[in-house]
Amino acid sequence: MSAHPLVGHHLSEAEHLLAHADDNLVLAQRLGEWISRAPELEEDIAIGNIALDHLGVARALYTRAGELEGLGRGEDDFAMSRPEREYRNLLLVEQPNGDFAQTMVRGLFFDAYQVGLWDGMAGVDDTELTGIAGRALKEARYHLLHSSTWVVRLGDGTDESHRRAQEAVDRLWRYTDEMLEELIPIRRHAWGRVVSAVLAEATLQVPEDPYQRGGGRRGLHSEHLGPLLAEMQWMQRSYAGLRW
Amino acid sequence: MTYDVPVAPGESAVVEERAELSAETWPMWEVFVRARRGIAHVHIGSLHAADAETALQNARDVYTRRGEGASLWVVRSSEVHAFEPEEISDFVDANEKPYRLATTYDIPDEVGHM
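We now turn to the structure provided with this report. For clarity, every value in this text was computed on a predicted model and none was experimentally measured. (Residues numbered from 1 in each chain as written. Chains lettered and ligands numbered in written order. Predicted model: local features only at pLDDT ≥ 70, side-chain atom pairs only at ≥ 80, totals over all residues. Heavy atoms only, no water.)

### A closer look at the overall build of chain A
Part 1 of the reasoning: A count of helices and strands for chain A gives 10 helices and zero strands.
Part 2 of the reasoning: Across chain A, helices and strands are ordered from the amino to the carboxyl terminus as α-α-α-α-α-α-α-α-α-α.
Part 3 of the reasoning: A burial count over chain A gives 51% of its 244 residues as buried.
Part 4 of the reasoning: Within chain A, residue pairs in contact and separated by at least 24 positions form 79% of the contacts whose partners lie at least 6 positions apart.
Part 5 of the reasoning: Here chain A has roughly 11400 Å² of accessible surface; of this, 53% comes from carbon and sulfur atoms. (Helix = DSSP H or I, 4+ residues; strand = E, 2+ residues; numbered from the N terminus. Buried < 20%, exposed > 50% of the residue type's maximum accessible area, 1.4 Å probe, protein only. Contact = heavy atoms within 4.5 Å. Areas by Shrake-Rupley, 256 points an atom, 1.4 Å probe, with all protein chains shown as cover.)

### Digging into the pairing of strand β1 (residues 28-34) of chain B
In regular strands, side chains alternate between the two faces of the sheet.
Residue and element names in this part refer to chain B.
Part 1 of the reasoning: Note that β1 and strand β2 (residues 42-48) share six bridges and pair antiparallel. Paired with Val 33 across the strands is Val 42, a residue of β2.
Part 2 of the reasoning: Strand direction decides the pairing type here: β1 and strand β3 (residues 71-76), joined by six bridges, are antiparallel. Across the sheet, the residue bridging to Val 31 is Val 74, located in β3. (Pairing = 2+ DSSP bridges.)

### A closer look at a nonpolar patch on the surface
Residues and elements named next belong to chain A.
Part 1 of the reasoning: Taken together, the side chains of Trp 234, Met 235, Tyr 239, Leu 242 and Trp 244 define a hydrophobic patch exposed on the protein surface, amounting to about 640 Å² of accessible area.
Part 2 of the reasoning: You can see Leu 242 is positioned in the segment after α10 (225-238).
Part 3 of the reasoning: Note on Leu 242: relative accessible area 34%, which makes it partly exposed. (Patch = residues over 30% accessible without salt bridge, like charges linked within 9 Å, V, L, I, M, F, W, Y side chains within 5 Å. Salt bridge = Lys/Arg side-chain N within 4 Å of Asp/Glu carboxyl O.)

### Let's talk about the packing of aromatic side chains
Residues and elements named next belong to chain A.
Part 1 of the reasoning: A full pass over the atoms with the stated rule returns eight aromatic pairs over all chains.
Part 2 of the reasoning: Between Phe 100 and Trp 150, the aromatic rings sit 5.1 Å apart at their centres with planes inclined by 90 degrees, giving edge-to-face as the arrangement. Within this pair, whereas Phe 100 is found in helix α5 (residues 100-120), its partner Trp 150 is found in helix α6 (residues 127-155), the two being separated by 50 residues in sequence.
Part 3 of the reasoning: Measuring from ring centre to ring centre gives 5.8 Å for Phe 109 and Trp 191, while their planes differ by 50 degrees; the resulting arrangement is tilted. On the criterion of sequence distance, the pair formed by Phe 109 in helix α5 and Trp 191 in helix α9 (residues 185-201) is long-range, its members being 82 residues apart. (Phe/Tyr/Trp six-rings, centres within 6.5 Å; stacked < 30°, edge-to-face > 60°.)

Such coordinate-based values are descriptive only and should not be taken to indicate function.
Okay, here's the thing in C-alpha cells:
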C-alpha cells in the first residue's frame, strides 16, 4: 500500500476515497440542477449524462470506502447522513453553476484534474479501486472533451460569451490549488498544460491574482454546500431509512 | 412561433425569442450509427448542434449513451437531398414486376445481413 498516491500521512485510505466520492456526488448534484434548464435539449442530455457518470463513480467509491472502513456504512449512509463538516469535497465542485460558461469552466478545471487522478490510480494495489478508476478515466476523458470544446467556443465566441467565460475563469481559478495539491508534480504540470492550451485556444487569460482558497478537504466549506446538501438529504433526514 | 406563456408581473416572455433565435443559429444534423463492424450505418435521428464537433458529441450523448456504437456519422440536414413525394409515386413499382424480385431464392443463414 505504500505506493498508493492518495494516502497521505494522516488520512486512511477509506477517508481518501470518501473525499473523492464526495467530489463526484456534489458535482453530480450540481450538474443535475441544469436538467430542463440547459441552453438546448441536446446539452441538457449531455449534462445529465455527465452527472450520472459522476454519481456512478461516487456510489462505487462510497461502497469501497465502506468496505475498507469496516463499520458497516454504505453509500446511502455516507451520502445522506453526513453533515456538511464531514463532507470532504473540493470547494470547486460545490460552487454554484452560475451561467453556462461558469459550469463549463468548472468542468474544464475538474475534468482535467480527474483525468490525472484516475490515471494515477491505475497502478494502485487494490483491484477494486483500479476497476473503478479505469472506468472513471474513460468517462473523465469524455467530460474533458465536452467541457474543453465548450470553453473554446465560449471564449472564442461572441463578445458576451468571451466576457462570461473570462469571468468564470477569474472566479474559479482560486479553487484550483486545493485540487492540484493532490496530484504528483508531473500530473500537476500535465493539468497546467491541458488547461493552458484550452484557455489559449479560447483566447482566455489565466488570472494573475495569486489568491487561492482551500479547506474543502478538511470539511471547511464555502456557503454554497449547505443548501445543496439540505436539498439532497432532506427526504432521508425527514423519513430516515425511506426506500423506493 | 408564438403562443401564450404565463408571465409573472414585470417579466417579459423572452423565452420564446431565445428559442427562435437558437433554432436559427443551431442547424440540424442527421445522425447515423453503426452498431458493430460489418453492418451499415443506420439513420437513427437528428439533433441540433452548432458545428460538426459538437454535433458528434451530442450524437454520442443523445443516441449512443453507454452502449457506444462502433462508429458514428453526422451530416448537416441541409446536405441531404430527397425526392418529392409526388416524384416517388412515379417510380416503377417493383411489385408489378414480380420477375424482378428474388423471392424464389432461399438465402442461406450464413449470408447474414442482406
